[in-house]
Amino acid sequence: MINLTGKVAVVTGASRGIGKTIAKKLHQAGADVVLVARNRELLEKNAADLGAAMVVSMDVSSADEVQAGFKEIIREKGNIDILVNNAGITRDNLLLRLKEEDIQQVLDVNLKSMFFTSKSVLKPMMKQRHGRIINITSVIGLMGNSGQSNYAASKAGIIGFTKSLAREIGSRNITVNAIAPGFIETEMTAELPETVQKEMAESIALGRFGSTEDVANAVLFLASDLAGYITGEVMNVTGGMYM
Ligand SMILES: NC(=O)c1ccc[n+]([C@@H]2O[C@H](COP(=O)([O-])OP(=O)(O)OC[C@H]3O[C@@H](n4cnc5c(N)ncnc54)[C@H](O)[C@@H]3O)[C@@H](O)[C@H]2O)c1
């Protein structure tokens, strides 16, 4: 049984989908969870469902908002032990039709945000000589996907970022890992056409889509003491869609 009692965990994109389940699982393991996303109302509802949790609304692609938001968290909690960078968006289109703003927004929210949030937790983590940073990438960052060049580039970038930061701060006993979910049933994937969903299910060795719990369980493991000697890794949670 994983016990995270006494640990402060910040989860971005915790208003719905995978992030909401990650927050719930970390809370159930005893962590003091801080919920981050843009929509304060949704975050407050999720916090109430957990009993009590701090909520901070911010746009993770804004350096200023991230800096102010994490300052508030550190002031309130004293430290941060676990950071889960989960917030992400898609703006899918074939490259010929992709607008500059679709490219920029996806790179900013999915990738650039991780520079801001990770930078914000480094000092407290270095001070306590302990920390876990877990970045949610995607199988698409490893495989590529037609119509998702912006998304795939952002997710592949996360992997390079994860490995570099793992090397940079490993000596401080801070681990940095990435999780690459495959096809997980959420609002994000529900938007895909049925034919695409069917095609994807056929490419999964386990023959079914993953659940948000499947991803959250991997986060729980990487956040725990059990994963103390694992850093710079990409853990695939794809049901064998990619291996
Ligand atoms: N669903 C899947 O099959 C799947 C597969 C692989 C990877 N992922 C990744 O997992 C993560 C979560 O995906 P999901 O399916 O739960 O998506 P979702 O759309 O249901 O949730 C995304 C979350 O990110 C938040 N968010 C978006 N932009 C933000 C911003 N600018 N600032 C702050 N918060 C912001 C949203 O409010 C929401 O809470 C994403 O990074 C996604 O790329 C999902």
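Here, every reference points to the structure presented above.
Note that this is a predicted model, so its numbers are computed, not measured. (Residues numbered from 1 in each chain as written. Predicted model: local features only at pLDDT ≥ 70, side-chain atom pairs only at ≥ 80, totals over all residues. Heavy atoms only, no water.)

Engineer: Hey, could you run me through the pairing of strand E6 (residues 174-181) in this one?
Structural biologist: For a regular strand, the rule is simple: side chains alternate between the two faces of the sheet. Taken across its eight residues, E6 has eight buried, putting it largely inside the fold. Along E6, one buried face is formed by Ile174, Val176, Ala178 and Ala180 and the opposite face, lined by Thr175, Asn177, Ile179 and Pro181, is buried too. Bridge analysis of strand E5 (residues 131-136) against E6 gives six bridges, and the strand direction is parallel. Looking at E6, one finds that isoleucine 133 is bridged to valine 176. Where E6 lies against strand E7 (residues 234-237), four bridges are found, and the strand directions are parallel. In the sheet register, isoleucine 179 faces E7, and the bridge partner there is methionine 235. (Buried < 20%, exposed > 50% of the residue type's maximum accessible area, 1.4 Å probe, protein only. Helix = DSSP H or I, 4+ residues; strand = E, 2+ residues; numbered from the N terminus. Pairing = 2+ DSSP bridges.)

Engineer: Got a minute to help me understand the site of the ligand in this structure?
Structural biologist: Around the ligand, 29 residues are found, and the nearest of them are Ser15, Arg16, Tyr151, Ile184 and Thr186. The separation between a nitrogen atom of the ligand and a polar side-chain atom of arginine 38 is 3.3 Å. Here a nitrogen atom of the ligand and a side-chain polar atom of aspartate 59 are 2.9 Å apart. Burial of the ligand by the surrounding chains reaches 95%, relative to a free accessible area of 830 Å². Going through the elements one at a time, helix H1 (17-28), helix H6 (149-169) and helix H7 (187-190) are the ones with two or more residues in the shell around the ligand. A total of three residues in the shell around the ligand trace back to one element, the largest contributor, which is H7. Counted by class, the shell around the ligand contains 14 nonpolar, 10 polar and five charged residues. (Near = heavy atom within 4 Å. Polar contact = N/O pair within 3.5 Å; in protein donor to acceptor, adjacent residues only side chain to side chain. Areas by Shrake-Rupley, 256 points an atom, 1.4 Å probe, with all protein chains shown as cover. Nonpolar A, V, L, I, M, F, W, Y, C, P; charged D, E, K, R; others polar.)

Engineer: Explanation requested: the packing of aromatic side chains in the structure shown.
Structural biologist: For any pair of aromatic rings, the description rests on two quantities: the centre-to-centre distance and the angle between the ring planes. A full pass over the atoms with the stated rule returns two aromatic pairs. Relative to phenylalanine 161, the ring of phenylalanine 115 lies with its centre 4.5 Å away and its plane at 45°, an arrangement referred to as tilted. Taken as a pair, phenylalanine 115 in helix H4 (residues 100-128) and phenylalanine 161 in helix H6 lie far apart in primary sequence, 46 residues in all. Taking 4.0 Å as the distance between ring centres and 25° as the angle between the ring planes, the aromatic pair formed by phenylalanine 183 and phenylalanine 209 counts as stacked. Here phenylalanine 209 lies in the loop between helix H8 (194-202) and helix H9 (212-223) and phenylalanine 183 lies in the loop between E6 and H7, a separation of 26 residues in the sequence. For the pair phenylalanine 183 and phenylalanine 209, one class covers both residues: buried. (Phe/Tyr/Trp six-rings, centres within 6.5 Å; stacked < 30°, edge-to-face > 60°.)

Engineer: Explain the nonpolar core to me, please; I cannot follow it from the model alone.
Structural biologist: A general trend in soluble globular proteins is that nonpolar side chains are found buried together. Formed by 40 residues in total, the largest nonpolar core has its most connected members in Val10, Val34, Val36, Phe70, Ile73 and Ile133. When residues of this core are traced back to their parent elements, those giving at least two are strand E1 (8-12), strand E2 (32-37), strand E3 (54-57), helix H3 (63-77), H4, H6 and E6. If one sorts the elements of this core by residue count, H4 sits on top with eight residues. Each residue touching valine 36, except ones within four places of it in the same chain, is listed here: Val10, Val11, Thr12, Gly13, Ala14, Leu43, Val56, Met58, Val60 and Ile73. Ala14, Ile18, Ile184 and Ala223 belong to the second largest nonpolar core, which has 32 residues in total. (Core = buried A, V, L, I, M, F, W, Y, C linked by side-chain atoms within 4.5 Å. Contact = heavy atoms within 4.5 Å.)

Engineer: Got a minute to help me understand helix H2 (residues 40-50) in this structure?
Structural biologist: Since the α-helix advances by 3.6 residues per turn, residues separated by three or four positions end up pointing in the same direction. If you check which residues of H2 are buried, you get Leu43, Asn46, Ala47 and Leu50. Along the axis of H2, the buried residues cluster in a sector spanning 100°; they form a single face. Along H2, exposed side chains directed more than 90 degrees from the buried face belong to Glu41, Ala48 and Asp49. Buried residues along H2 sit in contact with H1, E2 and E3. Measuring from the side-chain oxygen of the N-cap residue of H2 to the backbone nitrogen of glutamate 41 gives 3.1 Å; that N-cap residue is asparagine 39. Once H2 ends, the next one or two residues include glycine 51, with phi positive near 110°. (Arc of directions from axis to C-beta.)

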